[in-house]
Structures are given as C-alpha cells and as structure tokens.
Protein chains: 2
Amino acid sequence: MPAIAIIGAGLIGASWAALFTARGHDVLAWDPAAAARADFAVRTRNMQRQLRPLGLKGKGRIGVVATLAEAVRDAIWIQENGPELIPLKRALYAEIEAANKRAIIASSTSSFQWSQLSAGMKRPGRLIVAHPFNPPHLVPLVEIYARSKTVADQAFAFYEAMGKVPIRIRREAPGHVANRLASALWREAVNIVAEGIADVADVDKALVEGPGLRWAIQGAHMTYHLGGGPGGIAHYLAHLGPSQEKRWAALGNPKLDAATRQKLIRGVAREAAGRSIADLAAERDAMLLALLKLKTRK
Amino acid sequence: MPAIAIIGAGLIGASWAALFTARGHDVLAWDPAAAARADFAVRTRNMQRQLRPLGLKGKGRIGVVATLAEAVRDAIWIQENGPELIPLKRALYAEIEAANKRAIIASSTSSFQWSQLSAGMKRPGRLIVAHPFNPPHLVPLVEIYARSKTVADQAFAFYEAMGKVPIRIRREAPGHVANRLASALWREAVNIVAEGIADVADVDKALVEGPGLRWAIQGAHMTYHLGGGPGGIAHYLAHLGPSQEKRWAALGNPKLDAATRQKLIRGVAREAAGRSIADLAAERDAMLLALLKLKTRK
C-alpha cells in the first residue's frame, strides 16, 4: 500500500500525520518506542479534528507498524521526526536506504543541517531538510533545504499539495530561517526585561498589539518598504539606514543568568495569570485557526 | 469648546484624529504649514472611514485653527506629533505651557525619550511619551512613559477609553519597546539576505507563515513558555537556555553597505511583483482590519 511513512511517531510525527491524513493521504508510522506507537493513532486523530474547521476533512488511513522497514518499503514520501541526535538520525537513514531506494527522505530537524545529516548516506541527494514550525499541522511554514533544484522542486510540489507554504534555504545555517528570526527577537525581548525597560507581560503585549499584528500579514522587509513612503525601501535605506545601524548597536546582548531567569519565570507566571500550559495552548490554537481561516479566505 | 488638541497635523496627527473622532471626541488641530492644515480634515475622514467596519462610527468634530494657542487653550488632552527635532519639540512645549496650564501633553515621538524632551519645561511631569505604532488608527499598541504613576494611570485610562492597548515603559531606552523588537528582528532578516541563507521574499514568507502568525496571538516570552512543555519557561530555560545562548552567538551583525542595500532593494522589488506602495498598504490595512475584528470578537 503506497503511503507516506512517518518515522518517529512523537508529537511532530503525529502532527504531520494529522495534516497528511486530513488531506486524504494514508500514513504508515513507526517508532522504536511501543508507547509512542500505542498513542499515535489517538494523538493524530485529535489533531486532525482541529483541521476540520479549515475544510480539511480527508480520511486517510492511519497505520502503525512494528518495524521501520515495513513503514518505508512502499512509501512515496518519508518524513523523519526522530530525536535530535546526529548518530541516531544517520542510523535511521542507513536503515531507510536499505529498505526503500527511491522516496525522498525529509527530515523535520530543527537543530541540524543537511550536510551534517547526509554524511555517510549512499545517495545523500535523497535527503532534504523539511523543517515545520510548531504546531506543524496548523502553522503553514515549512523550510526546505535540498541539494539539487530537481529535488527542491519535488519537495515544493509535495508540501504545497499538503497546503503548506514552503520556503527555500539557499545556504545552510543553524536555526534555518524562522528560528533565527525568532531567536533574534527573543534576545531583545529578554534584554528589555533584564534591563528593566518593561516587564514580561508588557513586552509580549507590545509585540502582539504592535509589530506582531503586522508580521502576520506582511514580512519585515516589506514593512520597511512601506516605512519608506512613496520611495519605498530604497528611500528608507538612504535616509534611515544609518539610524537603523545606530539602533542595532543599541540593542542588548543579555545572558540567561540566574537573575534574568527568575525575572522571566516570575513575569511569565504573572502574564499567564493562572492559566495552565494546556489552557494557553488551546487559546493559541483557537486563535491560530481563526487567523488561518481569515488568511485562506483572502 | 473642550476638545483633544492635535499639534502637528501630518499623517500621524490625522491618524490620531481619525481614531479620536471615530470614538466621538472633538479634535482641534494646528500645524505651522498651511498645506497640512488644508489637507487635514480630508485625510482624517479618509482614515476614519477605515474604522467603521470595527464599529467605530462616532462623529466628533474636526476643527483646524491658525494658531497653536487656539488649539490647546481649552484642550482636555494634547497629542503632539511634530517633526523629530528636539529644539523644535521643546519650543512647542514652551508655547503649549504658556497657553494651557493643566492638560497632559502626550508626545508621539518614536526617536526621543522623555528626559530629552522635558528638559526646560516649567512642569515636566505634564509631559508623557505616548508612542503609537503605524498605522496608529489601526494598530492598538501605544507605549507610555510617564514620570509619575498618577500621570501614567491617567494616560492608561485615556488611551484605553480610545480602544488602544497601552503598555508602560519603566526605564527609558532608544526605540522604546516595540521598535527595539522590530529592529532586532530586522537585523537578522537583513543578515539572512546578506549571507545568502534565503532571499528577501522567502524571509518575509517564513515570518508571515511562521512565527509572525503566532506573534499576532501570543508574545515571544509566552511562546517559549509553551515551548517548554508541561514545565513551561522554567523547564525551557533549564534545558534549552544554553542552546539559545549559542544560537544568539550565531546570529549576524550585518552592515547596510552598498551590496546589501542592492540585495534588499532588488529582493523587495521581486516580492512586490509590480504592486505599488499604495497597493501594498491597502492590502495590509484590509487584512489588519479583518485581523482586528477577529481579535475583538474573541
């Protein structure tokens, strides 16, 4: 039975499976842990249910098998979501290469780069990085690194058919693209708290009711294009480029020392105001779905 | 006639006026430039129209007067939106202090801090920073710096009544809070392009279809709280704090040199794909309104 193989059946694996099956594709999952295999179908169905309001009502079959070879043998696509450990991932790729000679092997890795993972493979060109963003069944972004344009094109076609928005990583870098942006923003968010400029809840509010609201709609570069008025980004760079460079120099470089950690932990507790992680995740997912519906209606 | 005074009747002034009048308050505007005075009412009404879908249908009167003294004499609140030049702003405050002894003077300044602007005032405690985010009639955030808690409380009450979301700057810093975050993110966005990791349009797409989508809903600190699983941010910091510090060290520090400027200008042109600044701003505003409607419905 040709299906999409899910190798590593934890949260990320189940989230991919929810999306694939809601789009009508069958999945066949494997995980070395019996507990993960046992929970997989229920987990996947729970996430699948969140996709119905978006009109994704497909009923792909969810299979779970006891060996990796069985999962990948007839797979048309292989999504790998193993633990973030290089030797472990390399061992998985060796097993996959022995059992399936053709399908693309897409790694959900957030920490590693293609060149670190593909070393030692018989046909490294089959491996790609296809890094989703949390929660992967809801957030459209997937970051693709492929060695050849042909394979990159195949990956774009595959993920676009799944309703994802792929972008192409042209040169490998730690954190790919989105996590580098997130990390850069958080560094200054931590600095603002550490320096006492504003407290945790107000920093988050400034983001959500300010630039974050725009960034759900238009990117950072485009924002500065609009900030340049009729002359666009060329005008902006000519007139305000030097003041941006000065601003950059005034940003902070905080350490996550004990005092800063305490400020962050206490500040987030105040901001959460008694809501559990599950409450907060449910709130986020509900808004995210409404926002995604809005964006697809456009 | 008690009204809100708008000192400096350019785009920011008109945007504030659109919000205030759509909430039913009268405004009285002044600008030294006759052209700005002549355009003000039409500009304000155009922006006001954008607020109707949000249910803001107030019909406050829009007055324009020929002298600053007339605008502020009976004002209950004074919103200053003059050019970003310290001597000019200080001269405005001296004139305002001579004509009105009580109302709070709120500066929309993005570049300066309270201590730079209030120097030389008879009653510096009357001055506050109340920095909006573009476009101010649509984006809820307003960043408040006030010397005393009493005045800060008054400012919160005033802007909340106008439907804004105020946050409190507790220690002065260039860029206040939101522009520091925006600047930190853009620095890495520029670096990614300069280093050839991804192109302009893909960086923007990664943001808009990835973290930007979440940041319209939940702030950066809260995101890492959820990223920590059931243990929240305390767990995240204990287990992934060191890897964040490593990631921070791997972020870039680009210069806006000629080569990078060219990459940005060409990349934005490709991303805009023929759409004018006006088209792009209209697209952004339409989505922003839909998003704001969604958030207020919550």
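Described in the following lines is the structure provided in the data block. This one's a predicted model, so the numbers in the text were calculated from it and none came from an experiment.

Turning our eyes to something else, we now look at the overall build of chain A. On a plain count of helices and strands, chain A comes out with 13 helices and 8 strands. Dimensions of chain A, computed from the C-alpha atoms along their principal axes, are close to 60 × 45 × 45 Å. The buried share of chain A, taken over its 298 residues, is 58%. The long-range fraction of contacts in chain A, counting pairs at least 24 apart against all pairs at least 6 apart in sequence, stands at 67%. Accessible surface, chain A: about 11,700 Å² in total, of which carbon and sulfur atoms supply 55%. The averaged location of the 25 negative side-chain charges in chain A is 5 Å from the averaged location of its 40 positive side-chain charges.

It is worth spelling out the interface of chain A and chain B at this point. On the chain B side, the residues contacting the 102 residues of chain A number 103 residues. Of the roughly 10,100 Å² buried between chain A and chain B, counting both surfaces, carbon and sulfur atoms make up 72%. Summed over the shared surface of chain A and chain B, the number is 8 salt bridges. Between E195(A) and R171(B) there is a salt bridge, with the nearest N and O atoms lying 3.4 Å from each other. Seen at the junction of chain A and chain B, the total is 40 residue pairs in polar contact (both at pLDDT 80 or more).

On to the relation of the copies chain A and chain B, then. Mapping chain A onto chain B calls for a rotation angle of 180 degrees and an axial translation of 0.0 Å; the resulting RMSD is 0.0 Å. Each copy turns onto its partner about a two-fold axis. Closest approach to the rotation axis within chain A is made by the C-alpha atom of L185(A), at a distance of 2.5 Å. Residue by residue, 100% of the interface of chain A is reproduced at the interface of chain B, so both copies engage with the same surface.

Spatial ordering of the open sheet is given by β3-β2-β1-β4-β5-β6-β7-β8 (chain A), a layout of 8 strands whose pairing is mixed. In this open sheet, the two strands that pair with only one neighbour each are β3 (62–64) and β8 (165–168) of chain A. Taken over all neighbouring pairs, the strand axes of this sheet differ in orientation by 25 degrees on average, direction set aside. As judged from the 4 bridges shared by strand β1 (residues 4–7) of chain A and strand β2 (residues 27–30) of chain A, these two strands associate in the parallel manner. Following the sheet pairing, A5(A) is matched in β2(A) by L28(A). Packing against the sheet, helix α6 (residues 149–161) of chain A makes contact with β1, β4 (77–80), β5 (105–107), β6 (127–132), β7 (141–145) and β8 of chain A, and its axis sits at approximately 160 degrees to β8(A). Contacts from helix α8 (residues 200–208) of chain B reach β7 and β8 of chain A, with the element oriented near 140 degrees to β8(A).

Now for the nonpolar core. Membership of the largest hydrophobic core comes to 210 residues, with the highest contact counts inside it found for I128(A), Y159(A), W186(A), I128(B), Y159(B) and W186(B). What Y159(A) contacts, discounting residues up to four positions off in sequence, is W16(A), W77(A), Q79(A), A106(A), I128(A), A130(A), V142(A), I144(A) and K164(A).

Procedures and definitions
- Residues numbered from 1 in each chain as written.
- Chains lettered and ligands numbered in written order.
- Predicted model: local features only at pLDDT ≥ 70, side-chain atom pairs only at ≥ 80, totals over all residues.
- Heavy atoms only, no water.
- Helix = DSSP H or I, 4+ residues; strand = E, 2+ residues; numbered from the N terminus.
- Buried < 20%, exposed > 50% of the residue type's maximum accessible area, 1.4 Å probe, protein only.
- Contact = heavy atoms within 4.5 Å.
- Areas by Shrake-Rupley, 256 points an atom, 1.4 Å probe, with all protein chains shown as cover.
- Lys, Arg positive; Asp, Glu negative; His and termini not counted.
- Charge placed at Lys NZ, Arg CZ, Asp CG, Glu CD.
- Buried area = accessible area lost by both parts, 1.4 Å probe.
- Salt bridge = Lys/Arg side-chain N within 4 Å of Asp/Glu carboxyl O.
- Polar contact = N/O pair within 3.5 Å; in protein donor to acceptor, adjacent residues only side chain to side chain.
- Least-squares fit on C-alpha atoms with pLDDT ≥ 70 in both.
- Pairing = 2+ DSSP bridges.
- Axes fitted to C-alpha atoms, helices over the stretch in contact; angles between N-to-C directions.
- Core = buried A, V, L, I, M, F, W, Y, C linked by side-chain atoms within 4.5 Å.

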